[in-house]
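Results of the structural survey
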Amino acid sequence: MVSWACPNDGMQIPRVAQFGADATLVQFFWCWSCEELFAYVGDKAVLAASFAKDKSQQWRVWKVIGSEHERNMAVSVVTQVDPRQLQHGN
Ligand SMILES: [Zn+2]
């Protein structure tokens, strides 16, 4: 399993989904400690944005880190990540 360090607390967080390839690649990493989903975009894996679940299990943009273009790439595919599949890890 691919895992990177959480930008907030340095926990090892697993990659839970990826979509596209090369310039359109978006990789999602879930930190169960922060309950925050991090989106890295492009072949350089730039951190674009993070997302948090709202009460209805929908993703909401939590932090915008990258450019507007990078943020839009992440937002366009985050709805394909099922929040209910992220309960494991502890
Ligand atoms: Zn974290």
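Residues numbered from 1 in each chain as written. Predicted model: local features only at pLDDT ≥ 70, side-chain atom pairs only at ≥ 80, totals over all residues.

As a general point, the strands of a sheet are linked pairwise by backbone hydrogen bonds and lie either parallel or antiparallel. Ordered by their spatial adjacency, six strands build an open sheet running β1-β2-β3-β4-β5-β6, and the pairing between neighbours is antiparallel. Of all strands in the sheet, those with a lone pairing partner are β1 (3-5) and β6 (59-64), marking the two edges. In this sheet, adjacent strand axes meet at a mean angle of 35° when their direction is disregarded. With five bridges connecting them, strand β5 (residues 46-53) and β6 associate as antiparallel partners. In the sheet register, A49 faces β6, and the bridge partner there is V64. The sheet strands contacting helix α1 (residues 68-78) are β2 (12-19), β3 (26-31), β4 (36-41), β5 and β6, and the helix crosses β5 at an angle near 40°. (Pairing = 2+ DSSP bridges. Helix = DSSP H or I, 4+ residues; strand = E, 2+ residues; numbered from the N terminus. Axes fitted to C-alpha atoms, helices over the stretch in contact; angles between N-to-C directions. Contact = placed C-beta atoms within 7 Å.)

It is worth spelling out the environment of G66 at this point. Summarising the element assignment, G66 is placed in the loop between β6 and α1. Taking the number of C-beta atoms within 10 Å as the measure of exposure, G66 has 18 and is therefore partly exposed. Taking C-alpha positions, G66 is 18 Å from G20, a pair spaced 46 residues apart along the chain. Those residues within four positions of G66 in sequence are excluded, and the remaining contacts are V41, V46, L47, A48, A49 and R71. (Buried ≥ 20, exposed ≤ 12 C-beta atoms within 10 Å, placed from the backbone.)

Okay, the confidence of the model for the protein chain next. In this model, the protein chain carries a mean pLDDT of 93, and residues with pLDDT of at least 70 account for 96%. Mean pLDDT in the protein chain bottoms out at β1, which sits at 95, and peaks at β4, which reaches 98. (pLDDT = per-residue confidence, 0-100.)

Further remarks concern the nonpolar core. Counting 18 residues, the largest nonpolar core has F28, L37, A39, V41, A48 and A74 as its most contacted members. If we ignore the near neighbours within four places in the chain, the residues touching A39 are V26, F28, A48, A49, S50, F51, A74 and V78. (Core = buried A, V, L, I, M, F, W, Y, C linked by C-beta atoms within 7 Å.)

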